[in-house]
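Below are the chains, spelled out letter by letter.
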Amino acid sequence: MRCGFRRGGDRARADGGGRLMLDLFPEWRHRIARAAETSSGFTPTPLATLAEQVAPLLNGTPYINGAVTTATGAAAAAEASNQSAAGQAVAAGQSAGQSGVSAVAAKTAQTGAETARDSAQNIGTAAANIIAQAAFRISQGMGGNLPFAWQGFWNAATNTPALTSGAGTKGFAYVVTNAGTTDLDGNAAWEPFDIAYFNGTEWLRGAGAGLPVAAPKFVATVAAQVAGMLLGTASGGNAFEIADAQGYQLTTIDTQGNLSTAGDTIQAGSMRFDADAPGMLQIRDTNGFVGWEIDATGAVQSPDGAVNPSLGPIAFEIVEDGLTGVLVMDRTGYVAFDTTGLFGAALANTPSGFTAAEIARHDAANLARSALLSARRASANYAAPVWGYSYCDSAGQSELMGWFSVPPRTVNTSASLGALMMGSMVYGAESGTNVSTDFVPGGGSSALQPIVGTSYNITTDEQITRPGNQLCAYAPSNVTIVVDSSNAQQCTLTTTDTTTDFTKGTWSATSGQSGTCPGLQVGDTIQMDGFTGDAASNNLQALIYGLTQAYTVNSVSAQSLTLTVASYGNGGSQNPVAVSGVSGVSIQILWAGGYYLGEAQCVQASVSFRRFQLQARGLLTDPSRQLVTYCSAIGGQSIAALSKGANPNIYNRGISAFQTLAGIAQAANVSFGCYLIEWLQGGNDGSTSYATYLAALEAYHTTKAADYMAISGQTTPPRMEIAVLSQFNGTTFDNMGVHRAQVDYCEANPDRAYCIGAVYPAFDYYAHVASNGEAWFGAMRAKMRDELFNGGRIPFCVRMTAATSLGREILVDFQAPVPPLTIKAAGVGQESLTLPNYGLVVVDGSGNTVPIASTALVGELTILITLTAPPPAGAWVYCAPAGGYGADGSSNIFDSDPTVASIPYQWTAGDGTSFPEQKARTSGSTMSLANPAVPYAVQITPGATA
């Protein structure tokens with residue numbers, strides 16, 4: 001329910017001028033009384049009798065006689081006190097009943113009796129402990145000299161620390177913490193609070209004798225008295241209580257976790273909840289300013305300055321226009337009650353929305369538009385991969401390069417396939433710098449070889465082979481973590497499971513290696529999973545962008561790791577939590593998040609397209625015409641910095657690589673040419689306008705095509721294949737100006753450029769796509785190339801084409817290659833999510849969000865958005881915006897293309913794939929190539945025209 005009201009006077013009430021009072025709390029507070037009854041049914045052995053039973057054990061042992069004499073005396077005193085307490089309780093009850101005293105007096109008498117009884121029980125417990133200790137001293141004194149030397153605690157279940165029969169230091173003693181069957185010189189039935197004592201020859205067991213030693217380390221079984229306060233569960237009805245010395249409860253936590261207090265205020269951070277304010281309840285900040293209150297009449301009130309005070313589903317809106325009255329609207333904005341006399345009249349003139357016939361007309365027009373786009377044929381005016389070496393320049397920013405995309409997935413490309421790269425890496429050895437202007441082949445040689453995904457350490461400028469080849473996965477039967485006392489972010493992880501060896505790994509099936517495989521190394525990053533309870537924070541955790549709770553390895557041995565907690569992307573980290581001997585924990589290496597380049601999307605794009613190409617020709621291989629790909633992308637660059645003539649002129653990298661290919665082709669007497677410029681960029685153009693970016697994109701394409709044509713002598717220019725910027729790096733400046741420019745450039749130049757969609761459905765690490773995502777999007781590129789170069793049809797993307805408003809409704813029109821639209825979960829960070837309103841957002845002319853009541857797919861290519869109020873003039877609809885709009889650069893809108901990637905979703909335990917990715921999908925499962933709606937924006941047009 002949404003309640004709006006207009007205020008005509010200061011703090012006026014609804015009946016006089018616009019304040020709506022709700023009496024929600026007829027009873028607002030209560031005092032907590034001490035429980036009237038306590039549990040009973042326990043009949044203890046009289047302590048004096050117990051002392052007499054123990055005394056014969058003391059024969060001839062003067063050291064212990066004093067302790068037992070003290071214990072016997074204490075036991076007798078406790079017994080008398082206990083009986084006295086019971087008598088007082090009975091007398092109090094009789095007095096209350098016979099004399100007709102007030103319930104309060106009777107309660108006071110009973111409380112005093114209970115306190116006396118509790119005191120007696122405490123004395124009795126102490127006496128029993130002294131007796132138990134004395135009994136242990138005599139039994140152990142028979143085998144050696146006393147006193148013994150306490151060494152701490154011992155876990156009899158796991159034998160931690162390790163004790164051995166017949167071996168030890170004379171006098172050493174341990175208190176048992178966990179029951180167990182570890183055999184020490186014939187003693188194999190250990191219980192908590194037993195003592196294990198070595199007399200110089202053998203280990204002896206003192207049953208229950210460790211309680212006096214361990215007591216300071218454990219919580220009292222009933223209630224502990226600390227500084228005059230009782231802490232515990234004395235009443236038996238709560239999980240925890242704090243009471244004064246007389247037993248009156250001050251604060252309790254019941255078994256459901258509910259907190260109650262006898263006080264008037266609760267301080268929570270900078271806010272104070274005050275039940276003793278002039279009203280009935282106030283919430284104030286530390287400066288005393290009231291944020292919210294329930295006044296003495298029970299009415300809910302907010303300060304005069306509150307613009308939209310809310311309570312649950314009810315919202316209050318104050319409009320400073322001098323009107324009085326109350327307006328009540330439901331969640332969708334329809335008026336249920338109006339005393340202002342204005343809104344009812346205004347809304348009466350507002351159209352109610354689109355009819356079914358109008359929606360059908362829109363949908364028919366959308367289907368017709370998509371059919372016309374699908375029928376467009378490619379011309380011979382632009383280049384195709386027809387040369388002996390057909391070159392593709394993969395240009396743009398780091399999203400294209402394979403940042404964090406480790407381990408690579410495309411690793412075994414056949415030499416006969418004819419998909420090639422120059423050198424040992426597709427991106428060249430200059431990729432780690434943004435100042436180099438020339439191509440530098442990986443491995444030092446530009447010789448052509450099959451294109452594969454590789455791993456490159458940007459920090460050390462070297463190609464590495466460990467990711468995906470050396471599997472590091474460990475599942476020890478027990479794990480102990482000890483947190484460094486001087487650095488809470490560091491810890492030591494150990495296991496007693498000798499079948500686990502952190503220094504050794506396993507060779508993958510694709511590595512081609514045998515023999516001993518190295519394991520974890522200093523500087524590696526690991527991930528953990530399987531911890532529970534408070535220790536669950538040790539597990540690797542997925543964030544919207546990035547990961548947290550990864551750990552850097554500081555040192556490694558067979559059963560031990562020293563670690564420092566680390567995080568990547570926008571994630572903070574929590575300090576490690578100590579555990580002892582826990583099971584079910586998995587430990588694996590983690591490559592994603594480090595400064596590595598891995599599976600660039602152009603690799604799988606080339607491999608999959610080449611397969612389509614050979615299939616279309618009916619060939620198994622074709623050495624006379626092959627594909628060569630180079631990734632010239634550079635991280636962190638605007639389109640201006642990537643354009644020709646910038647300083648440094650990093651634009652030249654693609655040109656330099658093509659010149660290298662020209663030399664190889666000429667030496668082999670093979671034709672060559674450039675058929676495609678692959679593009680994914682825009683993350684560093686957050687303040688570039690639509691018009692500026694559109695002009696720069698066209699200039700980049702035109703200039704680079706001319707340069708390639710000048711080198712090769714080809715007569716047709718290369719096409720441009722554009723993936724629309726998405727995910728974290730998306731920009732909403734100028735109403736998603738960069739996104740609109742990228743899409744509109746392709747729409748305005750069909751055949752010359754085409755848009756293939758967006759990469760957001762894939763999992764990503766802080767705007768960089770995981771290796772399965774890079775392989776998936778490479779397959780998406782290949783699908784579009786197959787449609788264009790083999791099928792002769794110009795590809796187009798799923799996108800919004802128009803938005804029309806009528807009343808509170810907005811009808812959003814779409815185009816799609818394969819209708820109808822479908823709604824599916826998409827990758828947002830490391831999670832697969834269905835977003836609010838499918839990733840559609842309505843904003844006003846200033847970019848502020850306009851509330852949406854509902855979103856529905858109402859046709860094959862039509863979506864209906866219902867707002868809470870008619871949209872303001874100049875409003876826009878955004879699809880998959882980044883920033884603070886709740887869509888995180890993603891959408892759930894796809895078409896129905898049934899195509900699947902030729903490469904499956906894949907991972908192997910220990911190859912470095914994150915646990916969230918492993919849990920998301922089974923290795924070997926297919927990856928759908930349904931087309932996602934691209935990030936885009938359209939301005940809303942008033943009216944109902946189709």
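An unreviewed UniProt entry lists the protein under the name Sialate O-acetylesterase domain-containing protein, with Tanticharoenia sakaeratensis NBRC 103193 given as the organism.

Chemist: Explain the packing of aromatic side chains to me, please; I cannot follow it from the model alone.
Modeler: Where two aromatic rings form a pair, the distance of their centres and the angle of their planes describe that pair. All chains considered together, the criterion is met by 19 aromatic pairs. Ring geometry for Tyr 474 versus Phe 502: centroids 5.1 Å apart, planes at 75°, classification edge-to-face. Residue Tyr 474 is located in strand S27 (residues 473-474), and its partner Phe 502 is located in the loop between strand S29 (490-494) and strand S30 (504-507); the two are separated by 28 residues in the primary sequence. Residue class for Tyr 474 comes out buried when judged on its relative accessible area of 9%.

Chemist: When you look at the nonpolar core in this model, what are you seeing that I'm missing?
Modeler: Note on soluble globular proteins: their nonpolar side chains tend to be buried together. Core analysis: the largest hydrophobic core is formed by 70 residues, its most contacted members being Trp 679, Phe 814, Ile 865 and Val 877. The biggest single contributor to this core is helix H9 (residues 652-668), with six residues. Counting 59 residues, the second largest nonpolar core, distinct from the first, contains Phe 404, Leu 597, Ala 633 and Tyr 765.

Chemist: What exactly am I supposed to notice about the packing of helix H10 (residues 690-712) against helix H11 (residues 733-748) here?
Modeler: How two helices pack is summed up by the angle between their axes together with the distance between the axes. Between H10 and H11, the shortest axis-to-axis distance is 8 Å and the interhelical angle comes to 30°. Classified by the angle their axes make, H10 and H11 are roughly parallel. Between H10 and H11 the crossing geometry is right-handed. For the pair H10 and H11, the contacting residues are Tyr 690, Tyr 693, Leu 694, Leu 697, Glu 698 and His 701 in the first and Asp 734, Gly 737, Val 738, Arg 740, Ala 741, Gln 742, Asp 744 and Tyr 745 in the second. Taken together, the residues of the contact of H10 with H11 break down into seven nonpolar, three polar and four charged.

Chemist: What's the story with helix H7 (residues 601-617) in this structure? I'm lost.
Modeler: The α-helix advances 3.6 residues per turn, and as a result positions three or four apart in sequence lie on the same side. Over its 17 residues, H7 extends 24 Å from the first C-alpha to the last, a length consistent with the 24 Å expected when each residue adds 1.5 Å. Counting buried positions along H7 gives twelve out of 17 residues, so the element sits mostly inside the fold. The set of residues buried in H7 consists of Gln 601, Cys 602, Val 603, Gln 604, Ala 605, Ser 606, Val 607, Ser 608, Phe 609, Arg 610, Gln 613 and Leu 614. Residues of H7 that are buried make contact with strand S21 (389-396), strand S22 (419-422), strand S39 (626-631), strand S40 (672-680) and helix H12 (771-790).

Chemist: What's the story with the pattern of salt bridges in this structure? I'm lost.
Modeler: Close approach of charged atoms lets side chains of opposite charge pair. Counting across every chain of the model gives 17 salt bridges. Between Arg 785 and Glu 678 there is a salt bridge, with the nearest N and O atoms lying 2.6 Å from each other. Residue Arg 785 is located in helix H12, and its partner Glu 678 is located in strand S40; the two are separated by 107 residues in the primary sequence. Neither Arg 785 nor Glu 678 differs from the other in exposure class; each is buried.

Chemist: Sorry if this is basic, but what is going on with the confidence of the model for the protein here?
Modeler: Regions with low pLDDT should not have their predicted coordinates read in detail. Residues with a pLDDT of 70 or more make up 70% of the protein, whose mean pLDDT is 79. Across residues 1-72 the pLDDT falls below 50, and counting only partners more than four positions away or on other chains, this stretch makes 158 contacts in the model. This stretch, residues 329-336, has a pLDDT under 50; its non-local contacts, to residues over four places away or in other chains, come to 26 contacts.

Chemist: It is not clear to me how the sheet that holds S39 should be interpreted in this structure. Could you clarify?
Modeler: Two strands in a sheet stick together by hydrogen bonds in their backbones, pointing the same way (parallel) or opposite ways (antiparallel). An order of S23-S22-S39-S21-S40-S41-S42 is seen for the seven strands of this open sheet, with the pairing classed as mixed. Since the sheet does not close on itself, it has two edges, and those belong to strand S23 (448-450) and strand S42 (753-758), each with one partner. Adjacent strand axes in the sheet meet at a mean angle of 30°, parallel and antiparallel pairs treated alike. Across three bridges, the pairing between S22 and S23 is antiparallel. Counted as the bridge partner of Met 421 is Gln 449 from S23. Sheet strands touched by H10: S21, S40 and strand S41 (719-724). Its angle to S40, the strand with the most contacts, is close to 160°. Where H11 meets the sheet, it contacts S40, S41 and S42, and its direction lies at approximately 145° from that of S41.

Chemist: Even after reading the chapter, I still don't get a nonpolar patch on the surface, so can you show me in this structure?
Modeler: Residues Phe 240, Ile 253, Leu 259 and Ile 266 make up a contiguous nonpolar surface patch of about 340 Å² in total accessible area. You can see Ile 266 is positioned in strand S11 (residues 265-268).

Chemist: Is there a simple way to think about the sheet that holds strand S25 (residues 462-464) in this case?
Modeler: An order of S25-S24-S38 is seen for the three strands of this open sheet, with the pairing classed as antiparallel. Taken across any chain shown, the strands that pair with only one partner, and hence form the sheet edges, are S25 and strand S38 (596-597). With two bridges joining them, strand S24 (residues 455-457) and S38 adopt antiparallel strand pairing. For Tyr 456, the partnering residue across the bridge sits in S38 and is Leu 597.

What counts, and at which threshold
- Residues numbered from 1 in each chain as written.
- Predicted model: local features only at pLDDT ≥ 70, side-chain atom pairs only at ≥ 80, totals over all residues.
- Heavy atoms only, no water.
- Phe/Tyr/Trp six-rings, centres within 6.5 Å; stacked < 30°, edge-to-face > 60°.
- Helix = DSSP H or I, 4+ residues; strand = E, 2+ residues; numbered from the N terminus.
- Buried < 20%, exposed > 50% of the residue type's maximum accessible area, 1.4 Å probe, protein only.
- Core = buried A, V, L, I, M, F, W, Y, C linked by side-chain atoms within 4.5 Å.
- Axes fitted to C-alpha atoms, helices over the stretch in contact; angles between N-to-C directions.
- Parallel < 35°, antiparallel > 145°, perpendicular 65-115°, else oblique.
- Left-handed = near helix turned anticlockwise from the far one by under 90°.
- Contact = heavy atoms within 4.5 Å.
- Nonpolar A, V, L, I, M, F, W, Y, C, P; charged D, E, K, R; others polar.
- Expected span 1.5 Å × (residues − 1).
- Salt bridge = Lys/Arg side-chain N within 4 Å of Asp/Glu carboxyl O.
- pLDDT = per-residue confidence, 0-100.
- Pairing = 2+ DSSP bridges.
- Patch = residues over 30% accessible without salt bridge, like charges linked within 9 Å, V, L, I, M, F, W, Y side chains within 5 Å.
- Areas by Shrake-Rupley, 256 points an atom, 1.4 Å probe, with all protein chains shown as cover.

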